[in-house]
Amino acid sequence: MKEKVLAILNGVKKGVDYEHATALIDDGILDSFDIISVVSDLNDEFDVDISADELEPENFNTVDAIVALIKSLQ
Amino acid sequence: MSIVSLKFICFAIVLVALFFLLPKKCQWVILLLASAAFYLSFGWKSCWYILVTIISQFFLALALERRNTEMKARMDKAEGKQKKEIKKQFAKHKKWYVVLSVLINLGILIALKYADLAIGSINQRFGTTLATLDLLLPIGLSYYTFKSIGYVIDVYRGRIPAQKNIFKLALYIGYFPALVQGPIDRYEDVAEQLFAEHKFDYDRLCFGAQRMLWGYMKKLIIAERATIIINTVQYNFTTAGYEGFTILFMMFLASFRIYADFSGGMDIVIGLSEIFGIKLTENFEQPFFSTSISEYWQRWHITLGAWMRTYVFYPLSLSQSFSKLGRKCRQKLGDSYGKQIAPSLASFITFFLVGMWHGAGWAYVPFGIFNAILVASSTLLEDFYASCRTKFKIEDDSKGWHVFQVLRTFIIVTLGNYLILTKEPDMIGLIMATFSRFNPWIFVNGSLYTLGVDQKNFWVMIIFIVILMVSDFIKEKGVHIRQAIARQNIAVRWCVYLAAIFALVIFGMYGPGFDAASFIYERF
């Protein structure tokens, strides 16, 4: 799952060391448009329904947090 | 009671003394009483609106919490897909509480802020003579309304527990420093600090007082002088014949004025809160060093941007209709452009709302649209811009390109002033007058000293604008200026403090009774 999430993130914005990034949202690496693109790809890839309620920095700051969010919704 | 008045400074000194001298248990009660006193100092007639907000949000949040507890209990017993079903069922029901909260509070906001605008427009359009309501606009209306709606939505989402003590909720909604012009703090960011017990801390007192001093300097030395020049040009350009560079200079000055005015107010309230031990959310992060309009809106009025993103842009972008639109666009336009259309539209609506939030006037609609087009186009045309940079051999990380981007953004922000400084007919006139004459000599022939501020005061203003920008530049480089001053020896430290105090006393512009003009963002 982690590899797929990394592929989605790289597809939305290249050139970021996603594996080691700890504050993708807090540091402004991903902006709101990027987040919407990531969420839309995650929804399609994992057949989940990420709602606006889940769009909080702590769910998207790291790849592991994104993986944990998807698992909690599956 | 304006926060740039002698009355307010006396009020703050007495409050700080009481806050730390009385038992710590009473600290939040002191803040609540001070907030009530501050609010009532603007008159008691508008206090009903904030009371309706506090009471409605208190009971709606409690009801939502009860539903959340029931939902959790049922979900604990369920398994797999059943959990999703239960969540869906409850969400349907819970949404009505949020709808009610938004209807009540946004209803008050819209009625008070926009009813007269709508009535005026109807009268003008259809020739009717409907009477305007002339309702009194309560201080900080949109700030506390946004805070309280955010609070209910966060309880709905199960992100925070509902506050069980209505007086504590009243303190969060009506905390007086943040009441005037924000910041629009989220409940989870400040509530604990508001209700906690705080020990007196000398360093905090010094840092807080310094920040307040810096805020007063921005407001009283820069903004007050700039306002005189801006008003002179803005309201008399047709009769006095101001043209060309005079108007352009006024527009650039307006950018510095609004920044000094708004961020100065923020420094005062954040500094005062720092003395109490309460850390409010920062509202500015060197906005004039942004490299794009999108970045500018992430650094300017940060808490409004965050509120709009969390409670408008994200829900709208992920709503069923926008998701459907996104899928259709991806099929027709391909992945890279197609997936940007829906969020661009959501961004458009969000900026339209931000524009309307800035004022009850149709002139703010083009202001919102202007920003929405810039933000959406920067995303939609990203690939095109990248190919242009390659074509012209521009390196993304070169210093020259960075400086160009910063200047370009500042100029675009300044051009936006044409949309918000004037009413529609004057706006066209101002643009025409700007291009009607090429008169760069106004910068050397003394014309600028005839716009209501004499030569000496003009240069005081310019010097402090330069100081403001240099201080932002230093912060941009990651230096914490107040800590850097604190590390100096006592002689240097006190030279800096005394220089700042004397500068404020000598150069500050305040009328009789130490009352300066109100803050621009106070009206919102």
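Colleague: Give me the overall build of chain B: which residues, what numbers.
Modeller: Broken down by element type, chain B carries 21 helices and zero strands. For 524 residues, the compact-globule formula gives about 24 Å, and the C-alpha radius of gyration of chain B, at 25 Å, lands near that figure. Seen through its principal axes, chain B has C-alpha atoms that stretch 80 × 70 × 60 Å. The proportion of buried residues among the 524 residues of chain B is 50%. Accessible surface, chain B as shown: approximately 25800 Å² in total, 67% of it carbon and sulfur. One finds the centroid of the 55 positive side-chain charges in chain B at a distance of 6 Å from the centroid of its 36 negative side-chain charges.

Colleague: An account of the interface of chain B and chain A is requested, with residue identities and associated values reported.
Modeller: Facing the 22 residues of chain B at the interface are 20 residues of chain A. Summed over both sides, the interface of chain B with chain A buries roughly 1700 Å², with 54% coming from carbon and sulfur. Counting the surface chain B buries against chain A, the share from its top three residues, Arg157, Tyr314 and Leu318 of chain B, is 32%. Scanning the region where chain B abuts chain A turns up six salt bridges.

Colleague: So what about the packing of aromatic side chains? Which residues, and what values?
Modeller: Residues and elements named next belong to chain B. Evaluation of the coordinates by the stated rule reveals 43 aromatic pairs over all chains. Ring geometry for Phe11 and Phe176: centres 5.5 Å apart, planes at 75°, overall edge-to-face. Of the two residues, Phe11 is situated in helix α1 (residues 6-21) and Phe176 in helix α7 (residues 176-179); the sequence distance between them amounts to 165 residues. Taken individually, Phe11 and Phe176 each receive the classification buried, so the pair is uniform in this respect. Taken together, the aromatic side chains of Phe252, Phe256, Tyr259, Phe262, Phe284, Phe288, Tyr296, Trp297, Trp300, Phe351, Phe367 and Phe410 make up a single cluster linked through ring pairs. Looking at Lys94, its charged tip hangs above the ring of Tyr156, at a distance of 4.9 Å from the centre. A cation sits over an aromatic face here: Arg125 above Phe126, 5.6 Å from the ring centre.

Colleague: Talk me through a positive patch on the surface; I want residue IDs and the actual numbers.
Modeller: All names here are of chain B. Taken together, the side chains of Lys81, Lys84, Lys88 and Lys92 define a basic patch exposed on the protein surface. As for its placement among the helices and strands, Lys84 is situated in helix α4 (residues 81-126). Residue Lys84 is classed as partly exposed on the basis of its relative accessible area of 43%.

Colleague: Give a detailed account of the domain arrangement of chain B, specifying residues and quantitative values.
Modeller: Residues and elements named next belong to chain B. Annotation of chain B at the domain level lists domain 1 (6-197), domain 2 (200-280 + 438-524) and domain 3 (291-421). The C-alpha-based centres of domain 1 and domain 2 are spaced at 31 Å. Listed by partner, the interface residues are 25 residues for domain 1 and 23 residues for domain 2. For the pair domain 1 and domain 2, the two sides together bury roughly 2100 Å², of which 68% comes from carbon and sulfur. When the buried area of domain 1 at its contact with domain 2 is split by residue, Phe20, Gln181 and Gln193 rank highest and sum to 29% of it. Inspection of the region where domain 1 meets domain 2 yields zero salt bridges. Applying the counting rule to domain 1 against domain 2 returns two residue pairs in polar contact (both at pLDDT 80 or more). Among the secondary structure elements, those contributing two or more residues to the side of domain 1 that touches domain 2 are α1, α5 (141-156), α7 and α8 (187-195). Counting residues per element, the side of domain 1 that touches domain 2 draws most heavily on α1, which supplies eight residues.

Colleague: Before we move on, could you go through the pattern of salt bridges and cite the residues and values that matter?
Modeller: With the rule as written, the count across this model stands at 24 salt bridges over all chains. A salt bridge links Arg157 of chain B to Glu56 of chain A, with the nearest nitrogen and oxygen atoms 3.8 Å apart. Here the residue Arg157 of chain B occupies a position in the loop between α5 and α6 (166-174), and Glu56 of chain A occupies one in the loop between α2 (32-46) and α3 (57-60), the pair thus bridging two chains. Here Arg157 of chain B matches Glu56 of chain A in class, with each residue buried. A salt bridge links Arg186 of chain B to Asp154 of chain B; the nearest nitrogen and oxygen atoms lie 3.0 Å apart. Placement of Arg186 of chain B in the loop between α7 and α8 and of Asp154 of chain B in helix α5 is noted, with a sequence separation of 32 residues between them. Given a relative accessible area of 1%, Asp154 of chain B falls into the buried group. Put simply, Asp53, Glu56 and Glu58 of chain A together with Asp154, Arg157, Arg159, Arg186 and Glu188 of chain B are held in one network by salt bridges that share partners.

Colleague: Residues and numbers for the packing of helix α2 (residues 27-40) of chain B against α6 of chain B, please.
Modeller: Residue and element names in this part refer to chain B. Contact pair α2 / α6: the axes reach a minimum separation of 9 Å and the direction vectors enclose 55°. Here α6 runs oblique to α2, going by the angle between their axes. α2 and α6 meet at a crossing whose hand is left-handed. Across the interface between the two elements, Trp28, Leu31, Leu32 and Ser35 from α2 touch Phe167, Lys168, Ala170, Leu171 and Gly174 from α6. Grouping the amino acids of the contact of α2 with α6 by side-chain chemistry returns six nonpolar, two polar and one charged.

Colleague: So, the side chain of Asn371 of chain B: which residues are in play, and what are the values?
Modeller: Inspection of the secondary structure puts Asn371 of chain B in helix α15 (residues 364-380). In this structure, Asn371 of chain B is in contact with Ile293, Trp297 and Phe351 of chain B, ignoring residues within four places of it in sequence.

Colleague: Residue-level account of a nonpolar patch on the surface, with values.
Modeller: All names here are of chain B. A cluster of nonpolar side chains, namely Phe200, Tyr202, Ile490, Trp494, Leu498, Ile501, Phe502, Val505 and Ile506, defines an oily patch on the protein surface of about 950 Å² accessible area. A total of seven residues in the nonpolar patch trace back to one element, the largest contributor, which is helix α21 (residues 490-507). Looking at where Val505 falls in the secondary structure, it is placed in helix α21.

Colleague: How would you sum up unusual backbone geometry? Please name residues and give values.
Modeller: The linkage connecting Gly182 of chain B with the following residue, Pro183 of chain B, adopts the cis geometry, with an omega of 5°. Positionally, Pro183 of chain B belongs in the loop between α7 and α8. Of note in the backbone geometry, Asp47 of chain A takes a positive phi value of approximately 50° without being a glycine. Mapped onto the elements of the fold, Asp47 of chain A is located in the loop between α2 and α3. We classify Asp47 of chain A as exposed; its relative accessible area is 66%. In the Ramachandran plot, Lys393 of chain B falls in the positive-phi region, its phi being about 55° despite a non-glycine side chain. Note that Lys393 of chain B resides in the loop between α16 (382-391) and α17 (399-420). Under the relative-accessibility criterion, Lys393 of chain B is labelled exposed at 76%.

Conventions and cut-offs
- Residues numbered from 1 in each chain as written.
- Chains lettered and ligands numbered in written order.
- Predicted model: local features only at pLDDT ≥ 70, side-chain atom pairs only at ≥ 80, totals over all residues.
- Heavy atoms only, no water.
- Helix = DSSP H or I, 4+ residues; strand = E, 2+ residues; numbered from the N terminus.
- Rg over C-alpha atoms; globule rule 2.2 N^0.38 Å.
- Buried < 20%, exposed > 50% of the residue type's maximum accessible area, 1.4 Å probe, protein only.
- Areas by Shrake-Rupley, 256 points an atom, 1.4 Å probe, with all protein chains shown as cover.
- Lys, Arg positive; Asp, Glu negative; His and termini not counted.
- Charge placed at Lys NZ, Arg CZ, Asp CG, Glu CD.
- Contact = heavy atoms within 4.5 Å.
- Buried area = accessible area lost by both parts, 1.4 Å probe.
- Salt bridge = Lys/Arg side-chain N within 4 Å of Asp/Glu carboxyl O.
- Phe/Tyr/Trp six-rings, centres within 6.5 Å; stacked < 30°, edge-to-face > 60°.
- Lys NZ or Arg CZ within 6 Å of the ring centre and 35° of its normal.
- Patch = residues over 30% accessible without salt bridge, like charges linked within 9 Å, V, L, I, M, F, W, Y side chains within 5 Å.
- Domains from an automatic or database assignment.
- Polar contact = N/O pair within 3.5 Å; in protein donor to acceptor, adjacent residues only side chain to side chain.
- Axes fitted to C-alpha atoms, helices over the stretch in contact; angles between N-to-C directions.
- Parallel < 35°, antiparallel > 145°, perpendicular 65-115°, else oblique.
- Left-handed = near helix turned anticlockwise from the far one by under 90°.
- Nonpolar A, V, L, I, M, F, W, Y, C, P; charged D, E, K, R; others polar.

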